[in-house]
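Structural description and commentary
Here are the chains, one letter per residue:
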Amino acid sequence: MNYLVYIVRRLFLLIPLLLGVTFVVFVLTRVVIAGNPIDQIVPPMASQEQRDRLAERYGLTDPIAVQYLKYMRNLVRGDMGVSFQTGLPVTREILKFFPATFELTTYAMLLALLIGVPLGVVAAVWRDTWIDQLSRFLSVSGVSMPVFWLSLLLIYFFFFQWQIAPAPIGRINPRLVAPDTITGWYTIDSLITGNWKALQSAISVLVLPTIALAYGAMAPLARMARSGMVEVLETDYIRTARAQGLRWRTVVFKYALKNALLPVVTMTAVVYGFLLGGSVLVENIFAWPGLGRFAYNAIASSDYTAIQGFVLYATTMFVVLFLITDLIYRALNPRIGP
């Protein structure tokens, strides 16, 4: 029951947060972002009268306060507005591009967890050995290397030089038919429908962008796992467990690892939320049709409604991820109160 009350309370706290985010983004898109979205939907030779009529039609001539109230009134009904660039509802656009981003970032996050967390734990257990030095090198390089530069290096060597990876062409080979949409994930949909050619193509084009995202995500996870494990291994209860003659493996994996993972859970939520809302460069370099490219095109075309919808989506994802993180915290350590 305590869990249910906690979840309901956090969901209620989400309301003022989203209200504040929508207000700030609404004002900034009209004050900071240069350009006029009307320029994107009218012919170059359109008269000023035509532009003014369109601006009035979309409500851009109203005061900002009036525009914001209209936007919030529509948002309550689930209407994020219409994209100036595509002429389609922003809600539909986000739902259209979300599966591609979700698939890419989830695989990247899983790869980062599978490599980063064990690497950090092993580095902490065998401190100052070659494993620890390797962990530090990968962590520093992962944090310092720009993701766009790593993406370009991967494309140059694996596609251009060695020709062992497909071209950065999106989610599937354009000569193949995309699998029937069930989950929105090409890999899972291909597997469910038995479309093996599509599955092979979907996996092959996923490899390079997944590695590019996972390498940067792995670095903070490995560092956090190492520092958390080092701190736990130096606590009194671990020394007591070792003094009582317990096997080292039992001490590490049964007693130390569970507490050392608590900060890793928080870092996982931060990194995953960043990937879901910020894989703009990777998606553009690999021509990946996800929300990153959607946000980039929206900013480039001063598409106010699309930018607002994307920021609202990203904020909601962060809040949901941190809510899940809190619940995992309670499962790992029941002493954490409501």
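Residues numbered from 1 in each chain as written. Predicted model: local features only at pLDDT ≥ 70, side-chain atom pairs only at ≥ 80, totals over all residues. Heavy atoms only, no water.

Okay, the overall build of the protein next. A count of helices and strands for the protein gives 13 helices and zero strands. Walking the protein from its N terminus toward its C terminus, one meets helices and strands in the order α-α-α-α-α-α-α-α-α-α-α-α-α. For the protein, the spread of C-alpha atoms along the principal axes amounts to about 85 × 55 × 40 Å. Expressed as a percentage of the 338 residues in the protein, the buried residues total 43%. Partitioning the intrachain contacts of the protein with sequence separation of at least 6 by distance along the chain shows that 71% fall at a separation of at least 24. Of the roughly 18,500 Å² of accessible surface on the protein, 67% is carried by carbon and sulfur atoms. Measuring between centres, the 27 positive side-chain charges of the protein sit 9 Å from its 18 negative side-chain charges. (Helix = DSSP H or I, 4+ residues; strand = E, 2+ residues; numbered from the N terminus. Buried < 20%, exposed > 50% of the residue type's maximum accessible area, 1.4 Å probe, protein only. Contact = heavy atoms within 4.5 Å. Areas by Shrake-Rupley, 256 points an atom, 1.4 Å probe, with all protein chains shown as cover. Lys, Arg positive; Asp, Glu negative; His and termini not counted. Charge placed at Lys NZ, Arg CZ, Asp CG, Glu CD.)

The next subject is the pattern of salt bridges. The final tally for this structure, using the stated rule, is five salt bridges. As a salt-bridge pair, Asp128 and Arg136 come within 3.7 Å of each other at their nearest N and O atoms. Note on Arg136: relative accessible area 36%, which makes it partly exposed. One salt bridge connects Arg136 with Asp132, and the closest N-O pair in it is separated by 3.3 Å. Placement of the pair is Arg136 and Asp132 together in helix 5 (residues 130-144), with a separation of four residues, close to one helical turn. (Salt bridge = Lys/Arg side-chain N within 4 Å of Asp/Glu carboxyl O.)

Time to look at the packing of aromatic side chains. What describes a pair of aromatic rings is the distance from one ring centre to the other and the angle between the planes of the rings. All told, the structure shown has 14 aromatic pairs when counted by the stated rule. Ring plane angle 80° and centroid distance 5.1 Å describe the contact between Tyr156 and Phe157, whose orientation is recorded as edge-to-face. The class of Phe157 is partly exposed, set by a relative accessible area of 33%. Taken together, Phe98, Phe102, Tyr107, Trp185, Phe310 and Tyr313 form an aromatic cluster joined through their ring pairs. One cation-aromatic arrangement involves Arg171 over Tyr186; the distance from NZ or CZ to the ring centre is 3.9 Å. (Phe/Tyr/Trp six-rings, centres within 6.5 Å; stacked < 30°, edge-to-face > 60°. Lys NZ or Arg CZ within 6 Å of the ring centre and 35° of its normal.)

Here we come to the nonpolar core. Grouped together as the largest cluster of nonpolar side chains are 69 residues, with contacts concentrated most on Ile94, Val121, Met229, Leu233, Leu291 and Tyr313. It is helix 8 (residues 196-233) that contributes the most residues to this core, 14 residues altogether. Excluding its chain neighbours within four sequence positions, the residues that come into contact with Tyr313 are Ile94, Phe98, Thr101, Leu276 and Leu291. (Core = buried A, V, L, I, M, F, W, Y, C linked by side-chain atoms within 4.5 Å.)

On to the side chain of Asp132, then. Residue Asp132 is classed as buried on the basis of its relative accessible area, which comes to 0%. A distance of 2.8 Å separates the side chain of Asp132 from the side chain of Arg226, its partner in a polar contact. Other than its neighbours up to four places away in sequence, Asp132 contacts Ala123, Trp126, Arg127 and Arg226. (Polar contact = N/O pair within 3.5 Å; in protein donor to acceptor, adjacent residues only side chain to side chain.)

All right, on to helix 7 (residues 186-193) then. Among the residues of helix 7, those classed as buried are Tyr186, Thr187, Asp189 and Ser190. On its buried face, helix 7 is in contact with helix 4 (90-125) and helix 8. Among the residues trailing helix 7, Gly194 stands out with phi positive, at a value near 70°.

With that out of the way, let us pick up the packing of helix 6 (residues 147-161) against helix 8. Closest axis-to-axis distance for the helix 6/helix 8 pair is 9 Å, and the angle between their directions is 145°. Helix-helix and strand crossings are classified by hand; for helix 6 and helix 8 the assignment is right-handed. Between helix 6 and helix 8, the residues in contact are Val147, Leu150, Ser151, Leu154, Ile155 and Phe158 and Leu208, Ile211, Ala212 and Tyr215, respectively. A breakdown of the residues in the contact of helix 6 with helix 8 according to their chemical character gives nine nonpolar, one polar and no charged. (Axes fitted to C-alpha atoms, helices over the stretch in contact; angles between N-to-C directions. Left-handed = near helix turned anticlockwise from the far one by under 90°. Nonpolar A, V, L, I, M, F, W, Y, C, P; charged D, E, K, R; others polar.)

Considering the arrangement of structural elements, one finds Glu103 in helix 4. Owing to a relative accessible area of 1%, Glu103 belongs among the buried residues under this scheme. Polar side-chain contacts of Glu103 include one of 2.6 Å to the side chain of Arg171. Residues in contact with Glu103, not counting those within four places in the same chain, are Arg171, Trp185, Tyr186, Thr187, Leu206 and Trp288.

Bringing the environment of Trp248 into the picture now. Within the secondary structure, Trp248 sits in helix 10 (residues 248-278). Taking the C-alpha atoms as reference points, Trp248 and Ile238, separated by ten residues in sequence, lie 9.9 Å from one another. With residues up to four places along the chain from it excluded, the contact list for Trp248 reads Val125, Leu233 and Arg242.

Here helix 5 is 15 residues long and its end C-alpha atoms lie 21 Å apart, about the 21 Å a rise of 1.5 Å per residue gives. The complete set of buried residues in helix 5 reads Ile131, Asp132, Ser135, Leu138, Ser139, Ser141 and Gly142. Elements that come into contact with the buried residues of helix 5 comprise helix 4 and helix 8. (Expected span 1.5 Å × (residues − 1).)

Next up on the list: the environment of Asn297. Among the structural elements, Asn297 can be located in helix 12 (residues 291-300). Note on Asn297: relative accessible area 30%, which makes it partly exposed. Distance from Asn297 to Asn284, taken between C-alpha atoms, is 9.8 Å for residues 13 residues apart in sequence.

Such coordinate-based values are descriptive only and should not be taken to indicate function.
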